[in-house]
Number of protein chains: 2
Amino acid sequence: MENFVAYNPTKLVFGKGVIAQLGKEVQPYGKKALVVIGKGSVKKNGILEAVYQQLTEAGVSYTLYEGIKSNPIYEDADAAIAQAKAFQADMIVAIGGGSVIDSAKAIAAGYYVNHSVWDFYLRKAPAPTKALPVFAVLTLAATGTEMNMFTVLQSDAEKAKHGYGSPLLYPKVSFLDPEYTYSVPSTYTAYGVADLIAHSLEQFFDTSNSPLSDASAAEIIRLAMKYGREVHKNPHSYEARANIMWLATAALNGSLSAGKLGGDFGVHGIEHCLSVLFDIAHGAGLSIVYPAWMRHFYSQIEGKLTFLAQRTLHPNATANDFIVELEKFFVEINTPIRLSEAGIDREQHALILDNLKQNNPKGRFFKLTEADYSSILHLMA
Amino acid sequence: MENFVAYNPTKLVFGKGVIAQLGKEVQPYGKKALVVIGKGSVKKNGILEAVYQQLTEAGVSYTLYEGIKSNPIYEDADAAIAQAKAFQADMIVAIGGGSVIDSAKAIAAGYYVNHSVWDFYLRKAPAPTKALPVFAVLTLAATGTEMNMFTVLQSDAEKAKHGYGSPLLYPKVSFLDPEYTYSVPSTYTAYGVADLIAHSLEQFFDTSNSPLSDASAAEIIRLAMKYGREVHKNPHSYEARANIMWLATAALNGSLSAGKLGGDFGVHGIEHCLSVLFDIAHGAGLSIVYPAWMRHFYSQIEGKLTFLAQRTLHPNATANDFIVELEKFFVEINTPIRLSEAGIDREQHALILDNLKQNNPKGRFFKLTEADYSSILHLMA
């Protein structure tokens, strides 16, 4: 086992009706909130209204920033920061999925500085020394941002997507009501499942020897496949929605990295190039890249794949079975496994390769070179 | 899944040489520390000296409270509180196993009140509204107190052992160096393994449906059996010591209770009567009580036992195999499975039964009556 730090101060309030606790939780943090949302579905389904009511009862006034994109851009975060400053916000309340919560973290970090938040992501600016408190109301089970210190934004102009992390950016309290995800369309539900499986795999392919972390990653993947199928058949199954929601959090709240060095994340780097180029959902990109990546590095990861196969499929399953069954599962729940299924044809491969060379995702344990990009691209076709 | 809150603000610093980070971590919390230790082994092996050096380098002066017993008594906590008040301590630094850290939490909670800490445990006093920060240097892998909000103390006069919990009592930072446990004797190492397995079982036998929690409990037990055997054979195996240490923390840091109601803990209640009467180690008591408890409730838990058997032993193992193999394992690592092995003969059964009736441990999911006490006592003989 490697030396590690286990630390996660986020309070996660999980279950039916937990929004009723929001007022009480935000009250100690101030009197003014910037509420951040995406394209407005939370206006229609009553969630925004429920949050407003909680804020009002807690004596917290608010202003709304609306329109965060599903691949969130730094310009929105910068505009929201200006609004938060003008309003003299004491806190950010994010309602949405990963894009909204990641943007809220950016706003929190950018509130006390006078440069674009993008400079944090480009490592051009020194790390923030303070940040506004962030509260998150999760409406999509996928990225795990509701219980970690990371945020990912992109620049459309630069065709670049970057992550950033700071211990200041753990949400103070996150509210996870599985019923809020009943209305998530089948496709986005599937992308979320692909995302949580990819997070588990990234940490699993950190080859540091940490037996509990590896066993836990396998269990999360096994259950994600089980409940991913169940929620696909029955989108209003509380148990299926609740399990997927908790698995997505557990896959990236630090517990799978105990005794490890932090994961590989080469696949994430490759996927970021896809979503920045073609505006496809991050989870959909991951379900395309991961099988190809596993086939490309097969000889180096056969032992680890066999472990996964035996724990997620059956005791005699082989390494290759895991890749094949994972692909079958992705197909079954309706998330793409090839670029062509996402409408990306061979003529665009040169564009992808250029972007990969430009952004140069490396991978930590399975180092990626230009030759690897080409081979993986070929396998994703 | 049940509604739940996942919250654990303790920062756990794990690995070789982590004591070197203690000074930096305590510095923001003040200038004066009460250092609490047990019977003095940390004086001989250099750990106390290493902590003193860190405190001195951080500009923190200290006073030592020595002599916490392995079944810690509230009188020691009260005496240490008086010493902390006289010294005007800003923080408590505990160096030891569960007994020392649990006592440190009691001291932290009692620092700001003018009654005996025991009143908290007896629910006679209102909950504390503030507490001194606690830092823990763990030297024995067992109870998980290094990363939770609980503390257990006893009264010898009242022949009673009680737990208490408050969110104020999470240690701020805990330092876990597996090498610090190399010198733990084989017996106490085994009791620690029994303790962590018992914690996993208590939460596993919370019958709320929480698949990831149940799967994780099984994995922790499987690995505890694997590395428990390894550390028994090779006490200086870093990997074995590190795994046992992390498993013990993970077994009671909240992750196994996600989606559940908090565990059964009937076995813990029964064990507390044993350790308060006969001053046996808590883990030794648990390895006696658990097999008997599982046999007693067999018909109600057969399905859950089968799940455990298949995940910790082999895919075709039966419910009964789990009990038999767990006993074999306990015997192999040298922790008792019958009262007689702990020197408690049948003449003392009446005494145990009286104490059980007096303290009346209930169990949350498998309710305990006087008839259950008698039957379990018979099975433990």
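Residues numbered from 1 in each chain as written. Chains lettered and ligands numbered in written order. Predicted model: local features only at pLDDT ≥ 70, side-chain atom pairs only at ≥ 80, totals over all residues. Heavy atoms only, no water.

A. Spotlight on the side chain of Gln54 of chain A. Note that Gln54 of chain A resides in helix α3 (residues 47–57). With sequence-adjacent residues up to four places away left out, Gln54 of chain A is seen in contact with Ile19, Ala20, Gln21, Leu22 and Gly23 of chain A. (Helix = DSSP H or I, 4+ residues; strand = E, 2+ residues; numbered from the N terminus. Contact = heavy atoms within 4.5 Å.)

B. Structural context of helix α10 (residues 266–278) of chain A. All names here are of chain A. Over its 13 residues, α10 runs 19 Å from end to end, which matches the ideal 18 Å to within 8%, given 1.5 Å per residue. Judged by how many residues are buried, α10 sits mostly within the fold: 13 of 13 residues are covered. Where α10 terminates, the next one or two residues include Asp279, which has phi positive at roughly 55°. (Expected span 1.5 Å × (residues − 1). Buried < 20%, exposed > 50% of the residue type's maximum accessible area, 1.4 Å probe, protein only.)

C. The arrangement of the layout of surface pockets in detail. In this structure, the second largest pocket encloses a volume near 440 Å³. Considering the residues around the second largest pocket, the lining is formed by 18 residues, among which Gln310, Arg311 and Pro315 of chain A together with Gln310 and Arg311 of chain B are closest to the centre. Elements supplying a minimum of two residues to the lining of the second largest pocket: α8 (211–233) and α12 (298–312) of chain A together with α8 (211–233) and α12 (298–312) of chain B. Classifying every residue of the lining of the second largest pocket by side-chain character gives six nonpolar, six polar and six charged. (1 Å grid on protein atoms, 1.4 Å probe; cavity = no way out; pocket = protein on both sides within 12 Å on 5 of 7 lines; lining within 4 Å. Points joined across faces, edges and corners; volume = space filled by probe spheres on them. Nonpolar A, V, L, I, M, F, W, Y, C, P; charged D, E, K, R; others polar.)

D. Local environment of the interface of chain A and chain B. Each side of the interface is counted separately: chain A has 36 residues, and chain B has 36 residues. For the pairing of chain A and chain B, the buried interface totals around 3,100 Å² over both sides, and the portion due to carbon and sulfur atoms is 61%. Inspection of the region where chain A meets chain B yields two salt bridges. Residue Glu219 of chain B is joined to Arg311 of chain A by a salt bridge in which the shortest nitrogen-to-oxygen separation is 3.0 Å. (Buried area = accessible area lost by both parts, 1.4 Å probe. Salt bridge = Lys/Arg side-chain N within 4 Å of Asp/Glu carboxyl O.)

E. Local environment of the relation of the copies chain A and chain B. Structural alignment of chain A on chain B gives an RMSD of 0.0 Å, achieved by rotating through 180° and translating 0.0 Å along the axis. With respect to symmetry, the two chain copies, as superposed, fit the operation of a two-fold axis. Taking C-alpha positions as reference, the residue of chain A nearest the rotation axis is Pro9 of chain A, located at 2.2 Å. A share of 100% of the interface residues of chain A reappears at the interface of chain B, consistent with the copies meeting face to face through the same patch. (Least-squares fit on C-alpha atoms with pLDDT ≥ 70 in both.)

F. Fine view of the packing of aromatic side chains. Considering all chains together, one arrives at 44 aromatic pairs over all chains under this definition. Ring geometry for Tyr52 of chain B versus Tyr62 of chain B: centroids 4.0 Å apart, planes at 10°, classification stacked. Taken together, the residues span a long stretch of sequence, with Tyr52 of chain B in helix α3 (residues 47–57) and Tyr62 of chain B in strand β3 (residues 61–65) at a distance of ten residues. Three or more aromatic residues joined by ring pairs form one cluster here, namely Phe204, Phe205, Tyr290, Trp293, Phe297, Phe307 and Phe366 of chain A. In this arrangement the basic side chain of Lys304 of chain A is found over the ring face of Phe204 of chain A, its NZ or CZ atom lying 4.2 Å from the centre. (Phe/Tyr/Trp six-rings, centres within 6.5 Å; stacked < 30°, edge-to-face > 60°. Lys NZ or Arg CZ within 6 Å of the ring centre and 35° of its normal.)

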